[in-house]
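Architecture and fold: a report
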Amino acid sequence: MDRELLESTLKGLAAIGPRPHGSQANVAALSYIEDELTSLGMTVVSEPFSAPAPQLRADTELLIDGVATDCVPFLESAPGCVDGQLRKAPNCLIWGMHDTEVWRVRARNGDTAIIAVPPFPTAVQQHLPPEFDGVPSVLMSRSDATDRGIDTGTSARVTIATPLLEAQSRCLRAFWGDADPLGDERSEIHPIVVAHIDTVPETPGVYDNAAGVAAALSVAATNTSPGYEILITSGEEEGLAGARAFVRRLGGISRLGRLSAAIVLDGGGRGRIAEAWLSSNLDEKIVRHHVRAITDARNYQAEFRQPAPPASDHAAFIEAGVSAVMFTVNDLDILHTSQDTYEESKLLGSRLLAELAEEFLSFPGTFLSSNHSEQRKVQSHE
Ligand SMILES: [Zn+2]
């Protein structure tokens, strides 16, 4: 664990600021981390992808009873303007885990829009649950919904003016030496440490996820021998776009079987609860043992979620049959908000992520026993 590198990376990414997919800041952040990995002596290759860029869609408006109310569009929301009355619709789950109130705006001409009210204090951007597909859909905060007194029959207008535009980006993959360990069928099977560098708009994104990127760099600074790779993804907030493109490409050239597991670092917040989200083919008992070796020493409480909720890059690997564990020190009060700035406490969260990753890299066999039959299954489907 390299405390100085952790701190300088957290501050460096915080200084770049919000770095959503498609922004200049995203490009700058990727170059900065590419230089850091290179100066540690790793070989860095670009893994290109393209995905819709949310920050390009400005003009979103929500009127409740004629009063302008803060809202954010769902990331893939259709554009449009719907002026009508509210009707309660069935609740939905966001990130597969947050029970979210749903209201339908119904216009006289039959058009509908969706207003979703998740249990967050502020409205944060989300992916569109499939049932909202094709209609303008926004989120508002729980506190605004309470203040405005939204109810059946209340008038509402949802406007999303700008259509979604695609932007090019890349992930960074780093390994030791000149020989690409994913370039050869006969190379050693190895784990990959994954962290996303992008943010949603308007957050410096220190806990989510400069902390994970800093932890990955720290891993590289202290583990200078081959046997693992690092993947800095982007577009995580855009439907795991970077990780999904990477996994698709690897599957296409049948190299997925070279990966023993993805160790995903996503979120180094202020709390003292470390969560491990596990793919269902991992042995929870073994993972518990290794996680507790770190969390007990650092006075964190450990929690385990299996199967892993699909809310981070690990899902892209699990879908492809690669074992994955995602580590987070979750901090939902400030997730995706402008309050996610640099603080000493986040340095601790980032340090914990680095130590957890190092613990699992020093016992690579942890993943192998449970993994291989699953991967063969996926490959034989291709
Ligand atoms: Zn994240």
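Being a predicted model, the structure only gives us computed values, none of them experimental. (Residues numbered from 1 in each chain as written. Predicted model: local features only at pLDDT ≥ 70, side-chain atom pairs only at ≥ 80, totals over all residues. Heavy atoms only, no water.)

Take the nonpolar core next. Core analysis: the largest hydrophobic core is formed by 52 residues, its most contacted members being Ile33, Leu37, Ile230, Ile232, Val291 and Phe327. The element contributing the most residues to this core is helix α4 (residues 206–222), with 10 residues. If we ignore the near neighbours within four places in the chain, the residues touching Ile232 are Ile33, Leu37, Cys171, Leu172, Ala195, Ile197, Val213 and Ala216. Counting 25 residues, the second-largest nonpolar core is a separate cluster that includes Ile192, Trp277, Val322 and Met326. (Core = buried A, V, L, I, M, F, W, Y, C linked by side-chain atoms within 4.5 Å. Buried < 20%, exposed > 50% of the residue type's maximum accessible area, 1.4 Å probe, protein only. Helix = DSSP H or I, 4+ residues; strand = E, 2+ residues; numbered from the N terminus. Contact = heavy atoms within 4.5 Å.)

Now for the UniProt feature "domain: Peptidase M28" (unreviewed entry) in the chain. Within this numbering scheme, the UniProt entry marks residues 192–346 as carrying the feature "domain: Peptidase M28" (unreviewed entry). Within residues 192–346, the helical portion is 34% and the strand portion 24%, while the C-alpha atoms at the span's ends are 23 Å from each other. (UniProt positions renumbered as here; feature names shortened; annotations may be inferred.)

Mean pLDDT over the chain works out to 89, with 94% of the residues at or above the 70 mark. Model confidence for the chain, summarised as mean pLDDT per element, is weakest for helix α9 (residues 365–381) at 47 and strongest for strand β12 (residues 229–233) at 98. Contacts from residues 369–382, a stretch scored under 50 in pLDDT, to residues over four places away or in other chains number 22 contacts. (pLDDT = per-residue confidence, 0-100.)

Here helix α2 (residues 24–39) is 16 residues long and its end C-alpha atoms lie 23 Å apart, about the 22 Å a rise of 1.5 Å per residue gives. Within α2 the residues assigned to the buried category are Ala25, Asn26, Ala29, Leu30, Ile33 and Leu37. The buried side chains of α2 occupy one side of the element, clustering within an arc of 135 degrees when seen end-on. Exposed residues lying more than 90 degrees from the buried face of α2 are Gln24, Asp35 and Ser39. (Expected span 1.5 Å × (residues − 1). Arc of directions from axis to C-beta.)

This part takes up the pairing of strand β6 (residues 98–107). For β6, the tally of buried residues reaches seven of 10 residues, placing the bulk of the element in the interior. Counted between consecutive antiparallel strands, the loop separating strand β5 (residues 80–94) from β6 contains three residues, among which Trp95 sits at a positive phi close to 55 degrees. (Pairing = 2+ DSSP bridges.)

With that settled, consider the packing of helix α6 (residues 284–297) against helix α8 (residues 344–361). Contact geometry for α6 and α8: axes closest at 9 Å, N-to-C directions at 135 degrees. With respect to α8, the element α6 is oriented oblique. Seen from above, α6 lies across α8 with right-handed handedness. Where α6 abuts α8, its residues Val287, His290, Val291, Ala293 and Ile294 lie against Leu352, Glu355, Leu356, Glu359 and Phe360. (Axes fitted to C-alpha atoms, helices over the stretch in contact; angles between N-to-C directions. Parallel < 35°, antiparallel > 145°, perpendicular 65-115°, else oblique. Left-handed = near helix turned anticlockwise from the far one by under 90°.)

As a further point, take the coordination of the zinc ion. Ligation of the zinc ion by protein atoms is provided by His196 (NE2), Asp208 (OD), Asp266 (OD) and Asp266 (OD), these donors lying 1.9 to 2.7 Å from the ion. Here the zinc ion is ringed by four donor atoms whose angles at the metal span 51 to 146 degrees, and the overall shape comes out irregular. Sequence spacing of the donors to the zinc ion: H-x11-D-x57-D. Of this pair, Asp208 sits in helix α4 while Asp266 sits in strand β13 (residues 259–268), and the two are 58 residues apart along the sequence. Judged by its relative accessible area of 10%, Asp266 is buried. (Donors = N, O, S within 2.8 Å, 3.2 Å for Na, K, Ca; no water. Tetrahedral: all angles 85-135°; square planar, octahedral: opposite > 155°, others 65-115°.)

We now examine unusual backbone geometry. Residue Asn209 follows Asp208 across a cis peptide bond; omega there is 10 degrees. Among the structural elements, Asn209 can be located in helix α4. Gln306 connects to Pro307 through a cis peptide bond whose omega is 5 degrees. Within the secondary structure, Pro307 sits in the loop between β15 (301–305) and α7 (314–319).

What follows covers the pairing of strand β2 (residues 60–64). The sheet contact formed by β2 and strand β9 (residues 155–160) spans five bridges and is antiparallel. In the strand pairing of β9, Leu62 is matched with Val158. Summarising the sheet, β2 and strand β3 (residues 67–68) pair through two bridges and their orientation is antiparallel. Of the residues in β3, the one forming a bridge with Ile64 is Val67.

This part takes up the state of the cysteines. Under the definition given, this model contains zero disulfides. For the unlinked cysteine Cys92, the closest cysteine sulfur is that of Cys71, found at 16 Å. Its relative accessible area of 5% is what places Cys92 among the buried residues. (Disulfide = S-S within 2.5 Å.)

With respect to the element layout, Thr100 can be found in strand β6. Spatially, the C-alpha atoms of Thr100 and Ala116 are 6.6 Å apart, while their sequence positions differ by 16 residues. The contact partners of Thr100, leaving out residues within four places of it in the chain, are Asn91, Cys92, Ile94, Ala116, Val117, Pro118 and Pro119.

Tallied over the full model, the rule gives 16 salt bridges. Taking the shortest distance from any N to any O, the salt bridge between Glu47 and Arg173 comes out at 2.7 Å. Highlighted residues: Glu47 in strand β1 (residues 43–53) and Arg173 in strand β10 (residues 165–175), separated in sequence by 126 residues. Given the relative accessible area of 4%, Glu47 is considered buried. Residue classification places Arg173 among the buried positions, given a relative accessible area of 2%. The salt bridge involving Glu319 is made with Arg244; its shortest N-O contact spans 2.5 Å. Of this pair, Glu319 sits in helix α7 while Arg244 sits in helix α5 (residues 241–252), and the two are 75 residues apart along the sequence. Linked through salt bridges whose partners overlap, the residues forming this network are Glu47, Arg173, Asp180, Glu229 and Arg249. (Salt bridge = Lys/Arg side-chain N within 4 Å of Asp/Glu carboxyl O.)

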